[in-house]
Amino acid sequence: MSQICIVGTGYVGLVAGSCFADLGNDVVCLDIDKSKIDGLNAGEIPIFEPGLEDLVRRNRHAGRLVFTSSYQRAIPPADFVFIAVDTASGPGGEASLSSVEAAAKRIAANLDGRTIIVDKSTVPVGTGDLVSSIIRQHRGDDVDFHIVSNPEFLSEGSAVADFLQPDRIVLGSENPSAARDVASLYRSFTSPIIITDLRTAEMIKYASNAFLATRVSFINEIASMCERLGADVTEVSRGMGLDKRIGEGYLSAGVGWGGSCFRKDVLALEHMAAVNGCHPQLLRAVMEINRDMRRSVIRKLREQLGGLRGFRVAVLGVSFKPNTDDVRDAPAIEIIRLLLGEGADVVAYDPVALPNAANEVKGLKTATDPYGAVEGADAVFIATEWNEFNEIDWERAGAAMRRKFILDGRNLYNHEELESCGFEYIGVGQGRNPSPISEFAAVNAAS
């Protein structure tokens, strides 16, 4: 059993702390936001994440999981201190390290005995060295500490399972013994453990997220071509994914990626490349394609309805993905703002994320279920592929709409089934009309 302190109780910190406690360790989760700590001590979980509430409750009851806002209480007894604070984007796309630096200074002031400090936050290459220099600057050589990078690879909506059953565990340090000590925390896992130097571990995290974002943007670029050329991107994705060199993950066309990680991490990697004399054209294209997919929703709605001003659009789903209440950089939020900017009347529904959406879009009209959202609507836009939406009775929903039109931003539905119910239906990357190229080829073949 180890004594672990987790600095930061956001998605990463709260999930990591709860899971480490469930593995039998004594864990103190530390956050300077006293109101958040008070809420956690009262049993209030600040985020929606499947399985997390039960995990927190069970380990608090067992006495293995404690929440505090006191560095003086949390740091001295810890064998391992994990830094899991937010790293927001700066004005130039760079990752802001103000929270990491502040945490490092407070950790330095309270270190007592040999301590391994673990960077769990997604941080720019070189941050481990920065944390080390901050601690030495504030404590000199009178403390015994080592720095290890242990980047997280959690997906919101499946974060608990991702932590307990990871594809791999990455550890980076200039001290192999310290890296092995952190590896011992995962000794019950069967996942491969990769031990590298500090900077390589930090780069693995950024490269991984940028590559996943690139895959999504790539298939969305293909989807746009499919719409023009009369192909079906769903079948294209399937045909590509069956190639073992490619695989099927992150090849679902839609209205683009969102969330707290992809945009922030791609921007930060692009910034790191640019300021170090590289030319990150691919990363810039990845972000541009993602932006264009969101704007294409406005274009399609405008063309189908003959304008947007005065038309009612029901938006189903506002979180950036299902099984989370996170609306950070959610495509739905930007699209709602664009719709409102063009004079549309917008009503939104989401199973869990409406309170967060209302904080992002002041005055947003919401409904308590999908049927209330679509009542009197001229169009329905599917922004998030919640399982609940598979159970919608579209005969009932269509009877309440002013115009039966669905723009499916996640290719959730079968167009033939909806069209048989009298709906006009548009998906993403589902080109059904032959392009001029196809027509030209047909004419040449006939002649």
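Everything quoted here is computed from the prediction, not taken from an experiment.

**A look at helix α12 (residues 281-305)**
Now for step 1: The end-to-end C-alpha distance of α12 is 36 Å, a good match for the 36 Å that 25 residues give at a rise of 1.5 Å each.
Now for step 2: Downstream of α12 by one or two residues, G306 has phi in the positive range, about 80°.

**Let's talk about the packing of aromatic side chains**
The relation between two aromatic rings is expressed through the spacing of the ring centres and the mutual angle of the planes.
Now for step 1: All chains considered together, the criterion is met by 10 aromatic pairs.
Now for step 2: Where F20 meets Y186, the ring centres are 5.6 Å apart and the plane angle is 55°; that geometry is what we call tilted. You can see F20 sitting in helix α1 (residues 11-22) and its partner Y186 sitting in the loop between α8 (176-184) and β8 (193-196), a full 166 residues away along the chain.
Now for step 3: By relative accessible area, which is 0% here, F20 ends up buried.
Now for step 4: Under the relative-accessibility criterion, Y186 is labelled buried at 3%.
Now for step 5: Aromatic side chains F163 and Y186 sit 6.2 Å apart centroid to centroid with 45° between the ring planes, which places their arrangement in the tilted category. Of this pair, F163 sits in helix α7 (residues 159-164) while Y186 sits in the loop between α8 and β8, placing them 23 residues apart in sequence. For the pair shown, F163 and Y186 are each scored as buried.
Now for step 6: Ring pairing ties together the aromatic residues F20, F82, F163, Y186 and F189, which thus form one cluster.

**Brief notes about the side chain of D265**
Now for step 1: Within the secondary structure, D265 sits in helix α11 (residues 262-275).
Now for step 2: Judged by its relative accessible area of 0%, D265 is buried.
Now for step 3: Excluding residues that lie within four positions of it along the chain, D265 makes contacts with T122, K205, Y206 and N209.

**Side note on the packing of helix α5 (residues 98-110) against helix α6 (residues 127-139)**
When two helices pack together, you describe them by how their axes are tilted relative to each other and by the distance separating the axes.
Now for step 1: Contact pair α5 / α6: the axes reach a minimum separation of 9 Å and the direction vectors enclose 40°. The angle between α5 and α6 places the two elements in the oblique class. In this structure, α5 crosses over α6, and the sense of that crossing is right-handed. Residue-level inspection shows V100, E101, A104, K105, A108, A109 and N110 of α5 in contact with α6, the latter providing T127, L130, V131, I134, I135, H138 and R139.

**Details of helix α13 (residues 331-341)**
Now for step 1: Within α13, burial applies to P331, A332, I333, I335, I336 and L339.
Now for step 2: Turning to α13, the residues buried within the fold contact α12, β9 (312-316), β10 (345-349), α14 (354-360) and β12 (379-382).
Now for step 3: G343 lies just past α13 and shows a positive phi near 90°.

**Examining the pattern of salt bridges**
Now for step 1: Under the criterion given, the structure shown has 27 salt bridges.
Now for step 2: Taking the shortest distance from any N to any O, the salt bridge between D22 and R58 comes out at 3.1 Å. Taken together, the residues D22 in helix α1 and R58 in helix α3 (residues 52-61) connect sequence positions 36 residues apart.
Now for step 3: Note on R58: relative accessible area 42%, which makes it partly exposed.
Now for step 4: Put simply, D345 and K365 hold a salt bridge, and the shortest N to O gap is 2.9 Å.

Criteria and thresholds
- Residues numbered from 1 in each chain as written.
- Predicted model: local features only at pLDDT ≥ 70, side-chain atom pairs only at ≥ 80, totals over all residues.
- Heavy atoms only, no water.
- Helix = DSSP H or I, 4+ residues; strand = E, 2+ residues; numbered from the N terminus.
- Expected span 1.5 Å × (residues − 1).
- Phe/Tyr/Trp six-rings, centres within 6.5 Å; stacked < 30°, edge-to-face > 60°.
- Buried < 20%, exposed > 50% of the residue type's maximum accessible area, 1.4 Å probe, protein only.
- Contact = heavy atoms within 4.5 Å.
- Axes fitted to C-alpha atoms, helices over the stretch in contact; angles between N-to-C directions.
- Parallel < 35°, antiparallel > 145°, perpendicular 65-115°, else oblique.
- Left-handed = near helix turned anticlockwise from the far one by under 90°.
- Salt bridge = Lys/Arg side-chain N within 4 Å of Asp/Glu carboxyl O.

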